Amino acid sequence: MKKLPYILCLLLLAACYGAPQKAVREPQELTAAQEDSLAFRLGHHFSNNYNFIVRADSVVLLGVQPEEKVSEFPLDTFAIYCNERIVVADIRIFAADTIDSVWIEVADARARLGWLHETDLTKNAVPDDPISQFISIFSSAHLPVFIAFLAIIAAFYAVLILRRKDVPFVHWRDIASFYPALLCLLVALAAVLYTSIRMFAADTWEEFYYNPTLNPFAVPVLLSLFLAAVWAIIIVCIAVVDVVFKLLPPAKAILYLGGVGAVCIVNYIIFNLLVRCYIGYPLFAAYLLFALVRYFRLSYAPYECGQCGAKMKKKGRCPVCGAMNE
């Protein structure tokens, strides 16, 4: 009888456990309109309710139905202007239109509805997302010319630095840190991956353009490697600035960072161009070997002076303070 209260407590605390039943959902049949919308989304990477921002000076929209444009009826048009935001309201396919069979209806901030060809939309507007807008600016037609011009200036700047024997320069008179060389290698790798995606996985890049993400684990492998390289460039760039100003006086540090930037620009242009003719792949392997050999042969300094903390390639007298290190 004395044990009865304990037994009752155990019974009260005990509970039956059952494995949670997973809800089984019956497959739902899609309507014809939903199937068409899904098919368009897979092929064109955007669909209804997708947001764009106008980048052209102006875009003319058709205020009537596309059938009237195809039938050459009198037209009612209006314009939208640069930096206006628009949203996709409807999509229609007209096989009779020889210019572009895909018509997109968009709505602006004043609730005006108008139609235009898909080619006119994608040419004059970009997705309303900062990553997509950056991609659009970076990939614009005038940017390669600007980069080439910048590379010429950077080359002259690099020659100016090399003529001054007391100024360090990445890969030649490098500092005792691998971060600058690593940054140059990462920029070259990013250029190789970027051009490879545009060449061999254009649809993947198009999907990324319209639906961007900075998560390298949420995209296909090749794009994941590219995003990882971009993140690594940002992190290593911060490390480069920090270590350069620790190892060099401010004036030489600024010149050295300018040289690193020049090498990065040249690397991007060279590998972006040469990968298109497949020369860039063996060239990148050779550049990787060159960077590693130059660093470990000329700049690798595994020791530190016990008195002043200066980097040393081998034990002995410190080149900075003259102290002996055994």
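These numbers were taken from a predicted model, which means no experiment stands behind them.

1. Focus: the overall build of the chain
And step 1. Per the secondary structure count, the chain includes 11 helices and 11 strands.
And step 2. Split into buried and exposed, the 326 residues of the chain put 37% on the buried side.
And step 3. Surface exposure of the chain reaches about 20400 Å², of which carbon and sulfur atoms provide 65%.

2. A few points about the environment of F78
And step 1. Of note, F78 is situated in strand β3 (residues 77–81).
And step 2. Take F78: its relative accessible area is 18%, and that puts it in the buried class.
And step 3. Along the chain, F78 and G114 lie 36 residues apart, while their C-alpha atoms are 7.9 Å from each other.

3. What about the nonpolar core?
And step 1. Core analysis: the largest hydrophobic core is formed by 66 residues, its most contacted members being F46, F52, I104, L121, W205, F226 and V244.
And step 2. Top element by residues in this core is helix α7 (residues 179–200). It accounts for 12 residues.
And step 3. Here I104 is in contact with F40, F46, V88, D90, I91, G114, W115, L116, E118 and L121, once residues within four sequence places are set aside.

4. Description of the pairing of strand β4 (residues 85–93)
And step 1. In terms of strand pairing, strand β1 (residues 51–54) meets β4 through 3 bridges, oriented antiparallel. Bridging across to β4, I53 finds its partner in R85.
And step 2. Judged from the 6 bridges that link them, β4 and strand β5 (residues 102–107) form a sheet pairing that is antiparallel. Bridging from a neighbouring strand, V88 pairs with V106 of β5.

5. Digging into helix α10 (residues 250–274)
And step 1. When the terminal C-alpha atoms of α10 are compared, their 36 Å separation across 25 residues agrees well with the 36 Å that a helix rising 1.5 Å per residue should span.
And step 2. Taken residue by residue, α10 has A253, Y256, G259, V260, A262, V263, C264, N267, Y268, I269, F271 and N272 as its buried positions.

6. Some details on the pattern of salt bridges
And step 1. For the structure shown, the criterion picks out 5 salt bridges.
And step 2. Where R92 meets D90, a salt bridge forms, and the shortest distance between an N and an O atom there is 3.6 Å.
And step 3. For R92, a relative accessible area of 27% corresponds to the partly exposed category.
And step 4. Taking the shortest distance from any N to any O, the salt bridge between D108 and R112 comes out at 2.8 Å.
And step 5. The class of R112 is partly exposed, set by a relative accessible area of 25%.

7. Quick notes on helix α9 (residues 221–247)
And step 1. The end-to-end C-alpha distance of α9, which contains 27 residues, comes to 38 Å, matching closely the 39 Å that a straight helix rising 1.5 Å per residue would cover.
And step 2. Buried residues of α9: L223, S224, F226, L227, A229, V236, V240, V243 and V244, and no others.
And step 3. Each element contacted by the buried residues of α9 is listed here: α7, α8 (202–210) and α10.

8. Points about the packing of aromatic side chains
And step 1. Taken as a whole and judged by the stated rule, the model has 20 aromatic pairs.
And step 2. Aromatic pair W205 and F208: ring centres 5.4 Å apart, planes at 45°, arrangement tilted. Here W205 pairs with F208, and both are found in helix α8, just 3 residues apart, close to one helical turn.
And step 3. Taking relative accessible area as the criterion, F208 reaches 4% and is therefore assigned buried.
And step 4. Three or more aromatic residues joined by ring pairs make a cluster, and in this case those are F46, Y50, F52, Y209 and Y210.

9. Points about the confidence of the model for the chain
A low pLDDT score tells you not to read the predicted coordinates there in detail.
And step 1. For the chain, the average pLDDT comes to 82, and 76% of its residues sit at 70 or higher.
And step 2. Element-level pLDDT for the chain is lowest in helix α1 (residues 4–13), with a mean of 48, against a maximum mean of 96 in β1.
And step 3. Residue range residues 1–6 is modelled with pLDDT below 50. Its contacts to residues more than four positions away, or to other chains, number 0 contacts.
And step 4. This model gives residues 8–20 a pLDDT under 50, and the stretch forms 0 contacts once residues within four places in sequence are excluded.

10. Focus on the state of the cysteines
And step 1. Taken as a whole, this structure holds 0 disulfides when the rule is applied.
And step 2. Free cysteine C237: the closest other cysteine sulfur is in C264, separated by 7.8 Å.

Analysis parameters
Residues numbered from 1 in each chain as written. Predicted model: local features only at pLDDT ≥ 70, side-chain atom pairs only at ≥ 80, totals over all residues. Heavy atoms only, no water. Helix = DSSP H or I, 4+ residues; strand = E, 2+ residues; numbered from the N terminus. Buried < 20%, exposed > 50% of the residue type's maximum accessible area, 1.4 Å probe, protein only. Areas by Shrake-Rupley, 256 points an atom, 1.4 Å probe, with all protein chains shown as cover. Core = buried A, V, L, I, M, F, W, Y, C linked by side-chain atoms within 4.5 Å. Contact = heavy atoms within 4.5 Å. Pairing = 2+ DSSP bridges. Expected span 1.5 Å × (residues − 1). Salt bridge = Lys/Arg side-chain N within 4 Å of Asp/Glu carboxyl O. Phe/Tyr/Trp six-rings, centres within 6.5 Å; stacked < 30°, edge-to-face > 60°. pLDDT = per-residue confidence, 0-100. Disulfide = S-S within 2.5 Å.

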